[in-house]
Each structure stands twice: as C-alpha cells, then as structure tokens.
Amino acid sequence: QVQLVESGGGLVHAGGSLRLSCAASGRAFSKYAMGWFRQAPGKEREFVASISRSGGSTYYTDSVKGRFTISRDNAKSTASLQMNNLKPEDTAVYYCAVRRTGELSTSSGLYDYWGQGTQVTVSS
C-alpha cells in the first residue's frame, strides 16, 4: 500500500506560478512511474504529466507543454509539478498517482494509488 499526499495548491492570478508536491509513503517509490492528473468541475479527470521511475523520461499533455515541469526525488520519495504561466483553464483539483509497473501512461485507469488532491484556482 502506498499513501500519497499532495500539497502546494492555492489561488493565483493568471500568469502566475505554483509548485505542487507529492509525498509518498513506503520504500518502493523509486520503482513506480508517477503521474499528475486534474479534474475541473463538471469534467472528467484528465492526464497532465507523467515521469518514469528513474526520472529519465517525461510526458505532458499538449496544453501544458512548455509551462509545466514534472520532476521527482527518489531519495526523498517525492515528486513535484512546477506550473508556470498559469491560465484560468488550469483551474482544477490536481491529483498525483503512482503506477507499480514503472512505465509511463496517460491513462488514469492504469495507476494504482492516488492522493486526495489539491485545489488549484487561477483567476483571470
């Protein structure tokens, strides 16, 4: 069992930045691929970014490329999502998740453990 706790959400003006963090319990974090997803009110949960277990490979949804950066620190069992140039359409609850196979995926159904989410609100 892996427990994930997100932090770093908040209210920011358009063009601003936030850094989300995800802290994982247990010693196997380095074996897992990790992803960030988001869900806006009335919409389905959508993929944002993912990173391989080594951190050597990353993948982003098109709408955040060039603005968001995913990273991880396996020694600390943490992952981060640096979000720059935020837009009102980025407003959502952001979730971190891990996948035990260690392979990148954009599909939420392939992730095994999820955090409780952190709210990001971008005002125009």
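A quick note: this is a predicted structure, and the numbers were derived from the prediction, not measured.

**Student:** An account of the state of the cysteines is requested, with residue identities and associated values reported.
**Tutor:** Counted under the stated rule, the structure contains 1 disulfide. Here C22 pairs with C96 through a disulfide, and the sulfurs are 2.1 Å apart. Taking the sign of the S-S torsion, 60 degrees for the link of C22 and C96, the bridge is right-handed. On the criterion of sequence distance, the pair formed by C22 in strand 3 (residues 18-24) and C96 in strand 9 (residues 92-99) is long-range, its members being 74 residues apart. Each member of the pair C22 and C96 is classed as buried.

**Student:** Which residues make up the nonpolar core, and what values do they have?
**Tutor:** Counting residues in each nonpolar core, the largest one holds 30 residues, and the members touching the most others are M34, W36, L81, M83 and Y94. Where this core is concerned, the elements lending two or more residues are strand 3, strand 4 (33-39), strand 5 (46-51), strand 7 (68-73), strand 8 (78-83), strand 9 and strand 11 (118-123). With residues near it in sequence (within four places) discarded, L81 still touches L18, R19, L20, W36, V48, A49, F68, T69, I70 and Y94.

**Student:** Quick rundown of the environment of S21? Include the residues and the values.
**Tutor:** The residue S21 is located in strand 3 in this model. In this structure S21 comes out as partly exposed when scored by relative accessible area, which is 28%. With 12 residues separating them in the primary sequence, S21 and G9 have C-alpha atoms 8.8 Å apart. With sequence-adjacent residues up to four places away left out, S21 is seen in contact with V5, E6, S7, W36, A79 and S80.

**Student:** Let's hear about unusual backbone geometry: which residues, and what values?
**Tutor:** The phi dihedral of S77 falls on the positive side, at around 55 degrees, and the residue is not glycine. Take S77: it is sitting in the loop between strand 7 and strand 8. Looking at S77, the relative accessible area reads 13%, which means it is buried. A positive phi angle, near 50 degrees, is found at N85, a position not held by glycine. With respect to the helices and strands, N85 occurs in the loop between strand 8 and strand 9.

About the thresholds
- Numbers given to residues run from 1 along each chain, matching the order in which its sequence is written.
- Predicted model: local features are reported for residues with pLDDT of at least 70 only, side-chain atom pairs are reported and counted for 80 or more only, and whole-chain, interface and lining totals are derived from all residues.
- Side-chain measures were taken over the full set of non-hydrogen atoms in the model, leaving aside hydrogen atoms and water.
- Disulfides are defined as cysteine sulfur pairs within 2.5 Å.
- Secondary structure elements follow DSSP: runs of H or I of four or more residues count as helices, runs of E of two or more count as strands, with numbering from the N terminus.
- Relative accessible area decides the class of each residue, using a 1.4 Å probe on protein chains only: under 20% of the type maximum gives buried, over 50% gives exposed, and in between gives partly exposed.
- Only buried Ala, Val, Leu, Ile, Met, Phe, Trp, Tyr and Cys residues count toward a nonpolar core, and they belong to the same one when joined by side-chain atoms within 4.5 Å.
- The contact rule is simple, with two residues in contact once any of their heavy atoms fall within 4.5 Å.

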